[in-house]
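Below are the chains, spelled out letter by letter.
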Amino acid sequence: MRLPVIILLTTFWQLPLSAQVFMRPFENAAGMGMGGATIALPSLAAGISNEGQLGLGGRLGFWAGSALPYGQEGWQSVHIQGIAGIGKFGGAGLTIDHSGADLYREQRYRLAYGRRLAESFYLGGSADVLRASAQEYGSVTMATFGLSILARALPKVWVGARVQNPLQQKIGEDLVPTVLKIGATWKASDLFLLSFETEKDLERKAMIKAGMEYRPVQLLVIRAGIRSNEITRMAFGAGLQLKHKLHIDLASEWHPSLGLTPAALISWRM
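What you see is a predicted model; the values in this text were computed from it and never measured. (Residues numbered from 1 in each chain as written. Predicted model: local features only at pLDDT ≥ 70, side-chain atom pairs only at ≥ 80, totals over all residues. Heavy atoms only, no water.)

For the chain, the helix and strand inventory stands at two helices and 16 strands. For 270 residues, the compact-globule estimate of 2.2 N^0.38 gives 18 Å, and the chain sits close to it at 18 Å. The principal-axis extent of the C-alpha atoms belonging to the chain is close to 50 × 35 × 35 Å. Within the chain, the fraction of its 270 residues that count as buried is 47%. Across the chain, every contact between residues at least 6 apart in sequence was considered, and the portion connecting residues at least 24 apart equals 47%. When the accessible surface of the chain is summed, it comes to about 12500 Å², and 64% of that surface belongs to carbon and sulfur atoms. (Helix = DSSP H or I, 4+ residues; strand = E, 2+ residues; numbered from the N terminus. Rg over C-alpha atoms; globule rule 2.2 N^0.38 Å. Buried < 20%, exposed > 50% of the residue type's maximum accessible area, 1.4 Å probe, protein only. Contact = heavy atoms within 4.5 Å. Areas by Shrake-Rupley, 256 points an atom, 1.4 Å probe, with all protein chains shown as cover.)

This is the structure in structure tokens:
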């Protein structure tokens, strides 16, 4: 089934999407502020980006955020996530992403599980339901899955990898992207970390991402990041820890042609 309404969105993406459905969703504000380089983060501060992170010991958590893609008021982007610990070494999570305009919309529902298999090795996986709907063209729904690993390679270095839709499933003639992410994080201390990531969609050029996080005081974190394939985009953000384990994160990503994408996130975790 073809979804020609996707062409209406190529103005924003400047990519050949006519043969693909289910676009890459916008990260939440914490991840966006680091340029999206979150696949190897050894924490859940930016939510679940690698299902192996669910084995790190988080007991309960909730994230709710939104973005305004390129300042377009008619384009909605919403992100909701929740986690719960299962036993001593595992955890489960649920993610809901919504993105779209009046004529075309996408939703992603992801149920994830992650577990610590060894002292420095974590494995995770997800089951995903994806739905796309276009005005006057109906809707399509499909299921797929992803696999993730997270490991501490050196005392201050973590590596992570994730593959989504490894079987290259399609909806009719439309290709659902198969995406591979590989990255590393250098956590110099509790005050500073650097993260790098490569994202490769089989139908597009590889995207290189890099981000940093600096915590000048316990209650404040400052982030900056960059990502590049055909176009280089820069991002910056900040997070504030409030009372009762609440956190607020703000970020913005700058596209040289399309402008700023502001994002906000509120989270609670223990």
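Before going further, it helps to examine unusual backbone geometry. Most peptide bonds adopt trans geometry, and most residues besides glycine take a negative phi value. One non-glycine residue, Gln-168, lies in positive phi territory at about 55°. Within the secondary structure, Gln-168 is located in the loop between β7 (157-164) and β8 (170-171). Assessed through its relative accessible area of 41%, Gln-168 is described here as partly exposed. You will see that His-244, though not glycine, has its phi angle at about 60°, which is positive. Within the secondary structure layout, His-244 lies in the loop between β14 (232-241) and β15 (246-255).

Taken as a whole, the largest pocket encloses approximately 700 Å³ of empty space. In terms of lining, the largest pocket is formed by 26 residues, of which the most central are Ser-43, Leu-44, Ala-45, Arg-215 and Arg-269. (1 Å grid on protein atoms, 1.4 Å probe; cavity = no way out; pocket = protein on both sides within 12 Å on 5 of 7 lines; lining within 4 Å. Points joined across faces, edges and corners; volume = space filled by probe spheres on them.)

The subject of this paragraph is the side chain of Ser-148. Tracing the sequence through the fold places Ser-148 in strand β6 (residues 138-154). By relative accessible area, Ser-148 is classed as buried at 1%. A distance of 2.4 Å separates a polar atom in the side chain of Ser-148 from a polar atom in the side chain of Glu-51. (Polar contact = N/O pair within 3.5 Å; in protein donor to acceptor, adjacent residues only side chain to side chain.)

This brings us to the side chain of Glu-253. Position of Glu-253 relative to the elements: it lies in strand β15. Overall, the relative accessible area of 4% leaves Glu-253 in the buried class. Within polar-contact distance, the side chain of Glu-253 engages the side chain of Arg-227 at 2.9 Å. Sequence-distant contacts of Glu-253, defined by excluding residues within four places in its chain, comprise Met-32, Arg-227, Arg-233, Met-234, Ala-235, Gly-259, Leu-260 and Thr-261.

Let us look at the pattern of salt bridges. When charged atoms on two side chains of opposite charge get close, those side chains can pair. Within the structure shown, the criterion is met by 11 salt bridges. Among the ionic pairs, Arg-227 bridges to Glu-27, the shortest N-O distance being 2.9 Å. Within this pair, whereas Arg-227 is found in strand β13 (residues 220-228), its partner Glu-27 is found in the loop between α1 (10-13) and α2 (29-32), the two being separated by 200 residues in sequence. For Arg-227, a relative accessible area of 1% puts it in the buried group. Glu-199 serves as the salt-bridge partner of Lys-209, at 2.5 Å between the closest nitrogen and oxygen. Here Lys-209, found in strand β12 (residues 207-217), pairs with Glu-199, found in strand β11 (residues 192-201); they are 10 residues apart in sequence, far enough to count as distant. Residue Lys-209 is classed as buried on the basis of its relative accessible area, which comes to 1%. Connected through shared salt-bridge partners, Glu-27, Arg-227, Arg-233 and Glu-253 make up one network. (Salt bridge = Lys/Arg side-chain N within 4 Å of Asp/Glu carboxyl O.)

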